[in-house]
Amino acid sequence: MLKNILIAEDHQSINISVQKTLSDLGATNVTHAYYCDDALKLIRKSPFDEPIDLLITDLYFDDDSNRQTLSDGIELIQAAREILPDLKVLAFSAEGRAVVIDRLFNQLHIDGYVRKGRNDSQELKAALESISKGKRHFASHLRAAIKQKNSYDFSELDITIISLLSDGTRQKDIPAYLLANKLRPSGLSSVEKRLNRMKEVLEFSNNEQLVAFCKDIGLI
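Structure report, in brief. (Residues numbered from 1 in each chain as written. Predicted model: local features only at pLDDT ≥ 70, side-chain atom pairs only at ≥ 80, totals over all residues. Heavy atoms only, no water.)

Let's talk about the nonpolar core
Move 1: Within the largest apolar cluster, 27 residues are counted, with the highest numbers of intra-cluster contacts made by Ile43, Leu55, Leu76, Leu87, Leu104, Ile110 and Tyr113.
Move 2: At the level of elements, strand 1 (4-8), helix 2 (36-45), helix 3 (73-83), strand 4 (88-93) and helix 4 (98-106) are the ones that each hand at least two residues to this core.
Move 3: What Leu87 contacts, discounting residues up to four positions off in sequence, is Ile43, Ile52, Asp53, Leu54, Leu55, Ala80, Arg81 and Asp111.
Move 4: Judged by nonpolar contacts, the second largest core, of 21 residues, contains Ala98, Ile162, Val191 and Leu195. (Core = buried A, V, L, I, M, F, W, Y, C linked by side-chain atoms within 4.5 Å. Buried < 20%, exposed > 50% of the residue type's maximum accessible area, 1.4 Å probe, protein only. Helix = DSSP H or I, 4+ residues; strand = E, 2+ residues; numbered from the N terminus. Contact = heavy atoms within 4.5 Å.)

Focus on the pattern of salt bridges
Move 1: Scanning all chains against the criterion turns up 7 salt bridges.
Move 2: With a closest N to O distance of 2.8 Å, Arg194 and Asp158 form a salt bridge. Taken together, the residues span a long stretch of sequence, with Arg194 in helix 9 (residues 188-202) and Asp158 in helix 7 (residues 156-166) at a distance of 36 residues.
Move 3: By relative accessible area, which is 24% here, Arg194 ends up partly exposed.
Move 4: Via salt bridges that share partners, Glu9, Asp58 and Lys116 belong to a single interconnected network. (Salt bridge = Lys/Arg side-chain N within 4 Å of Asp/Glu carboxyl O.)

What to know about unusual backbone geometry
The phi angle of most residues is negative, glycine excepted, and most peptide bonds adopt the trans form.
Move 1: Here the amide bond leading from Arg184 into Pro185 is cis, since omega sits at -5°, within 30 degrees of zero.
Move 2: The phi torsion at Asn119 lies on the positive side, around 65°, for a residue other than glycine.
Move 3: Note on placement: Asn119 falls in the loop between strand 5 (112-115) and helix 5 (120-132).
Move 4: One non-glycine residue, Glu203, adopts positive backbone phi at about 65°.
Move 5: Residue position: Glu203 is located in the loop between helix 9 and helix 10 (207-216).
Move 6: By relative accessible area, which is 70% here, Glu203 ends up exposed.

Structural notes on the packing of helix 9 against helix 10
Move 1: Relative to each other, helix 9 and helix 10 sit at 70°, their axes nearing to 10 Å. What the angle tells us is that helix 9 and helix 10 run roughly perpendicular. Contact residues: helix 9 offers Leu195, Met198, Lys199 and Leu202, while helix 10 offers Asn207, Leu210 and Phe213. (Axes fitted to C-alpha atoms, helices over the stretch in contact; angles between N-to-C directions. Parallel < 35°, antiparallel > 145°, perpendicular 65-115°, else oblique.)

Focus on helix 10
Move 1: Those residues of helix 10 that fall on the buried side of the exposure criterion are Asn207, Leu210, Val211, Phe213 and Cys214. Projection of helix 10 onto a plane perpendicular to its axis shows the buried side chains occupying an angular sector of 160°, all on one side.
Move 2: A side-chain oxygen of the first residue of helix 10 lies 3.2 Å from the backbone nitrogen of Glu208; this N-cap is Asn206.
Move 3: Once helix 10 ends, the next one or two residues include Gly218, with phi positive near 80°. (Arc of directions from axis to C-beta. Polar contact = N/O pair within 3.5 Å; in protein donor to acceptor, adjacent residues only side chain to side chain.)

Observations regarding the sheet that holds strand 3 (residues 54-57)
Move 1: Pairing is parallel across the open sheet formed by 5 strands, whose spatial order is 2-1-3-4-5. One side of each edge strand has no neighbouring strand; the edge strands of this open sheet are strand 2 (29-33) and strand 5. Taking each pair of neighbouring strands and ignoring which way they run, the sheet shows an average axis angle of 15°.
Move 2: Pairing of strand 1 with strand 3, which is carried by 4 bridges, proceeds in the parallel orientation. Across the sheet, the residue bridging to Leu6 is Leu55, located in strand 3. (Pairing = 2+ DSSP bridges.)

Things to note about the packing of aromatic side chains
Move 1: Within this structure, the stated rule accounts for 2 aromatic pairs.
Move 2: The interplanar angle of 50° and the centroid separation of 5.4 Å between the aromatic rings of Phe204 and Phe213 together place this pair among those described as tilted. No difference in accessibility class separates Phe204 from Phe213, as the two residues are buried.
Move 3: One Lys or Arg, Lys116, reaches over the ring of Phe92 and ends 5.6 Å from the middle of that ring. (Phe/Tyr/Trp six-rings, centres within 6.5 Å; stacked < 30°, edge-to-face > 60°. Lys NZ or Arg CZ within 6 Å of the ring centre and 35° of its normal.)

Details of the packing of helix 2 against helix 3
To describe two helices that pack against each other, one gives the angle between their axes and the distance between the axes.
Move 1: Between helix 2 and helix 3, the least distance of the axes is 10 Å, while the angle of their chain directions is 15°. Between helix 2 and helix 3, the interaxial angle falls into the category roughly parallel. The handedness of the crossing between helix 2 and helix 3 comes out as right-handed. In contact with Cys36, Ala39, Leu40, Ile43 and Arg44 of helix 2, helix 3 contributes Gly73, Leu76, Ala79, Ala80 and Ile83.
Move 2: Across the contact of helix 2 with helix 3, the residue classes tally to 8 nonpolar, 1 polar and 1 charged. (Left-handed = near helix turned anticlockwise from the far one by under 90°. Nonpolar A, V, L, I, M, F, W, Y, C, P; charged D, E, K, R; others polar.)

Don't take any of this as a statement about function, it's just geometry.
Printed below as a string of structure tokens:
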């Protein structure tokens, strides 16, 4: 188990719940903060020989009368890593968009992500155990989205059609755009077949679900 853990969470009930989960796992040296600025101060003050090992942080913090230099968890992660480059980070947030979470892993190099919701206590425990072993932890809903994305190989034409639907173009008007831009096949029946194929493979019942999914995974 990681030795020194800091929780940055502005909702008191959630903060206490995370502390309880850590206690159940045997963690004894746990501190917490309700503001990003306060969390960063605790990181700065942590002893050189016993620095904070793990930061568990929300991504979004509510504004109130206490003005803050750091506005959200992303800024906190960046500032904390400047002080402690080897600091492990577990993001714990209600954010569910795969494209946002993917950036956290690829750009901020976080060690784990858990989405707030049903069974988040169990997933927090699994994430902490993985991070303690030097492994990264991906949220269960994100793993499902990645698996779903990989189940269909989107072509450039597919992406164009979905982007047009997202922009409000009616399905029956898409062939005219494809024809004008010399994209083939451009017939209405071909467009319908492509959309039906995508929905069938990805198990969606309508175009709205398909568009929403593609936005979530950052395809459009």
